Each structure stands twice: as structure tokens, then as C-alpha cells.
Amino acid sequence: MNHELAIETKGLVKTFGKHRAVDGVDLSIPKGKVYGFLGPNGAGKTTTIRMLATLLQPDGGEAHIFGKNIVTEAAEVRERISLTGQYASIDEDLTGIENLVMISRLMGYKKKEAKARATELLAAFGLEEAAKKQVKNYSGGMRRRIDIAASIVVTPDLLFLDEPTTGLDPRSRNQVWDIVRTLVSAGTTVLLTTQYLEEADQLADRIAVINQGKIIAEGTSSELKASVGAGTLNVRLADSTDRERAITILSEKLQTDIKTSGDTASLSAQVGDASLVAEALGELVQHRINVSDFSLGQPSLDEVFLTLTGQKTESEEEGKQ
Ligand SMILES: Nc1ncnc2c1ncn2[C@@H]1O[C@H](COP(=O)(O)OP(=O)(O)O)[C@@H](O)[C@H]1O
Ligand SMILES: [Mg+2]
């Protein structure tokens, strides 16, 4: 057991009936950073977090938070952690400030201090104007911010953020990211689950990729991306009758399979080396194949998955984002 680690798990398991939702998870998460826990819906992210937060008993393996066992020393663990939206639940009928004052009081602040802490948090989270509005009238982004504010009334050493930005618009998402950065610079360790590679990329120092209850990759975001190559090249042909010739040329130049879709003018390929792209496009032009549009996208989570597991994620199969 390593006391320098915020979280250490060995062979952590949770089963629901016959289903192993978390299937032997090993994690070593250092203190003072953001650790990203990346995976699609149903991967086992929330179940893992609920065990680490002592809300759910593991069925196998063990885990320590700051050196304390999550089962036998659960009370000590709870003193140092917070889980957004779980421990400190927001009352929709109360205003923002009423909620934060109430939670501060529950956490042991005196009346005046509770008011001061609530006011300070509302300001820090850009919710001053919404302070006197009932939470049920908050936008999605405001709601997510007050949830986080509520979970850090007493600053935890370790904060679990379970998909804090899923469903948020880009502006609100950026605000949440800024909040996370501020927390970490003040010394909190954050375990953040997300379905978005970009989010893990922006915030996390290290990332574990989880799929079907198992960690399938671990590393920095550059390490993960390097394992998938440069990204996906999408090419749109001006004339779809060039399709077969274009496929031959691209697959030869890029040395990879070319994917096609229902749209006969569109081709795509996983590219390992970005410098091959210019060459391949040049070759198309030489053969008088006109390209009306092309893009080289960063690897998406779906692509990371496809490469790591050889399996499509559910979202891709269902044609959702
Ligand atoms: N309380 C539960 N009872 C039965 N199955 C559950 C329960 N909670 C989660 N699961 C199942 O465990 C798997 C992992 O779920 P979850 O940890 O919520 O995934 P994620 O948070 O990555 O989307 C899913 O297949 C889910 O249906
Ligand atoms: Mg979840």
C-alpha cells in the first residue's frame, strides 16, 4: 500500500447478478492531479466511483484512499472525499444561496460563516446573479455548477466528478473545466469520469480507459493518442464515380483500410502518420480525382476504442455521437 497515492485499487470487482460491471480494476492514482476515467456508457465508471466513495461494497479485490481501506476504514475515507450530487444533495425548491447555506450549516459552519462560504462559492462559480433563484429554474450548466459547489463546501482532499459535463453546451462545459482546474491548483485530487476523449485530454494528467468493466489502456493523453495514430482522414470526392480508384490510391498511400459509408462520395481512414496525408491527397490530384472536402480529425473516443478493442462502442453502432 502506497501512501503517496490518492487512490490505489487491486483487482476491484462488482457484480450485479451474473454481470461483472467492474471486472478486476487496478488503479494507482497520484495525489494533487486530475485523473481521467474514460469510457462509454455502461463501462463501469459510476460503479467504480461508488465503491471508492464507500457507497457500494466491492465483491472482490481491494481499494485504499489515501492509504485507508474503503471497506474496513470507510469512515476515515469519507472524511476526505466528496462525490458531486451524492453527499450534498440540492433541494430544487430552494434558491442557490439557500442550498449552499443549508449545506454549510450541515457541515458545521456557524450561521455567519455559512452565509460567507455560500456567497464565496456562488461568486467563484459565476452564480451570483442566480443566487436568489430557485434551483429548479437553473439551466443545465448552472445546475451542474451548483452541484459541484455543494460538494466542495468543505474542500475535500479527493473529489469524484461523475460525468460533470455530459449534455452541457460548450460554454458551460468550459466553465466546469475552469472550476476543476481551480480546485486542483488549490490541492484537491480529482477523479473525473467522462465519455469524451477531449475532456480527458483537456483536464487529466493521466487517463485510464475502461470498457466492459476492464481497464484496457492507461497513460497520458499523448500516449493514448499515439496508440491510435494521427486520427481519421475524411475525404469527400467531387464525383462519386471516382470512388473505386480513390480507394485504391488511398489504401496504397496510407497503407491502411479505407472505410466507406452509405454516402458514396465519402471515404475515411485511420491514419498512423499525418505526413502521409498530404502525399495521398496529392496522388489523388495527380490522377485527376477531385476532392471537394477533407479533414484530419483527432482520434475520437470511438476510434481509441476501435483500435484498443477491435470493437465498436455502442454509441457508434447506434449511430449516436
Ligand atoms: N444497481 C445496478 N443493478 C444492476 N446493474 C447495474 C447497476 N448499476 C449498474 N449496473 C450495470 O453495470 C454496468 C456498469 O454501469 P455503470 O457503472 O453505471 O457504467 P458507466 O457509469 O460507465 O456508464 C452497466 O451494464 C449497468 O447496466
Ligand atoms: Mg455513469
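Residues numbered from 1 in each chain as written. Chains lettered and ligands numbered in written order. Predicted model: local features only at pLDDT ≥ 70, side-chain atom pairs only at ≥ 80, totals over all residues. Heavy atoms only, no water.

**A few points about the site of ligand 1**
Logical step 1: By nearness alone, every residue bordering ligand 1 is listed as F16, H19, A21, P40, N41, G42, A43, G44, K45, T46 and T47.
Logical step 2: Between ligand 1 and A43, the relevant distance is 3.1 Å, taken from an oxygen atom to a main-chain nitrogen or oxygen of the residue.
Logical step 3: At 2.8 Å from an oxygen atom of ligand 1 is found a side-chain nitrogen or oxygen belonging to T46.
Logical step 4: Looking at the shell around ligand 1, the elements with two or more residues in it are strand 2 (19-30) and helix 1 (45-52).
Logical step 5: Split into classes, the residues belonging to the shell around ligand 1 amount to four nonpolar, six polar and one charged. (Near = heavy atom within 4 Å. Polar contact = N/O pair within 3.5 Å; in protein donor to acceptor, adjacent residues only side chain to side chain. Helix = DSSP H or I, 4+ residues; strand = E, 2+ residues; numbered from the N terminus. Nonpolar A, V, L, I, M, F, W, Y, C, P; charged D, E, K, R; others polar.)

**Some details on the sheet that holds strand 11 (residues 231-237)**
Logical step 1: One open sheet holds the four strands; their spatial order is 12-13-11-14, and the pairing between them is antiparallel. The sheet is open, and its two edges are formed by strand 12 (259-260) and strand 14 (291-297), each paired on a single side.
Logical step 2: Sheet strands in contact with helix 9 (residues 243-254) are strand 11, strand 12 and strand 13 (266-271), and its direction is about 10 degrees off that of strand 13. (Pairing = 2+ DSSP bridges. Contact = heavy atoms within 4.5 Å. Axes fitted to C-alpha atoms, helices over the stretch in contact; angles between N-to-C directions.)

**Side note on the sheet that holds strand 5 (residues 68-69)**
Logical step 1: Judged by pairing direction, the sheet is antiparallel, and its four strands sit side by side in the order 2-1-4-5 without closing on themselves. Of all strands in the sheet, those bounded by a partner on one side alone are strand 2 and strand 5.
Logical step 2: Taken together, the nine bridges between strand 1 (residues 5-16) and strand 2 define a ladder with antiparallel strand orientation. Bridged to T9 within strand 2 is L27.

**Re the packing of helix 3 (residues 96-106) against helix 4 (residues 111-124)**
Logical step 1: Contact geometry for helix 3 and helix 4: axes closest at 8 Å, N-to-C directions at 130 degrees. What the angle tells us is that helix 3 and helix 4 run oblique. Helix 4 is crossed by helix 3, and the crossing has right-handed handedness. Where helix 3 approaches helix 4, its residues G96, I97, L100, V101, S104 and R105 are matched on the opposing element by K111, A114, K115, R117, A118, T119, L121 and L122.
Logical step 2: Of the residues belonging to the contact of helix 3 with helix 4, the class tally is seven nonpolar, three polar and four charged. (Parallel < 35°, antiparallel > 145°, perpendicular 65-115°, else oblique. Left-handed = near helix turned anticlockwise from the far one by under 90°.)

**A word on the nonpolar core**
Logical step 1: Counting residues in each nonpolar core, the largest one holds 44 residues, and the members touching the most others are V34, L100, F125, L127, I146, V180 and V190.
Logical step 2: Filtering out sequence-adjacent residues up to four positions away, V190 remains in contact with K33, V34, Y35, L159, L161, V180 and V184.
Logical step 3: Counting 26 residues, the second largest nonpolar core, distinct from the first, contains L12, F37, A63 and L191. (Core = buried A, V, L, I, M, F, W, Y, C linked by side-chain atoms within 4.5 Å. Buried < 20%, exposed > 50% of the residue type's maximum accessible area, 1.4 Å probe, protein only.)

**A short note on the packing of helix 3 against helix 5 (residues 140-151)**
Logical step 1: Here helix 3 crosses helix 5 at 20 degrees, and the two axes come no closer than 10 Å. As the angle between them shows, helix 3 and helix 5 are arranged roughly parallel. Seen along the crossing, helix 3 lies across helix 5 with a hand that is right-handed. Where helix 3 approaches helix 5, its residues G96, L100 and I103 are matched on the opposing element by I146, A149 and A150.
Logical step 2: Among the residues forming the contact of helix 3 with helix 5, the class breakdown is five nonpolar, one polar and no charged.

**Examining helix 9**
Logical step 1: Between the first and last C-alpha of helix 9 there are 16 Å, a value that for twelve residues agrees with the 16 Å anticipated at 1.5 Å per step.
Logical step 2: Among the residues of helix 9, those classed as buried are R243, A246, I247, I249, L250 and L254.
Logical step 3: Of the surrounding elements, those touching the buried residues of helix 9 are strand 11, strand 12, strand 13 and helix 10 (275-286).
Logical step 4: Looking one or two residues beyond helix 9, the residue adopting positive phi is Q255, at roughly 55 degrees. (Expected span 1.5 Å × (residues − 1).)

These values are about where atoms sit, not about what they do.
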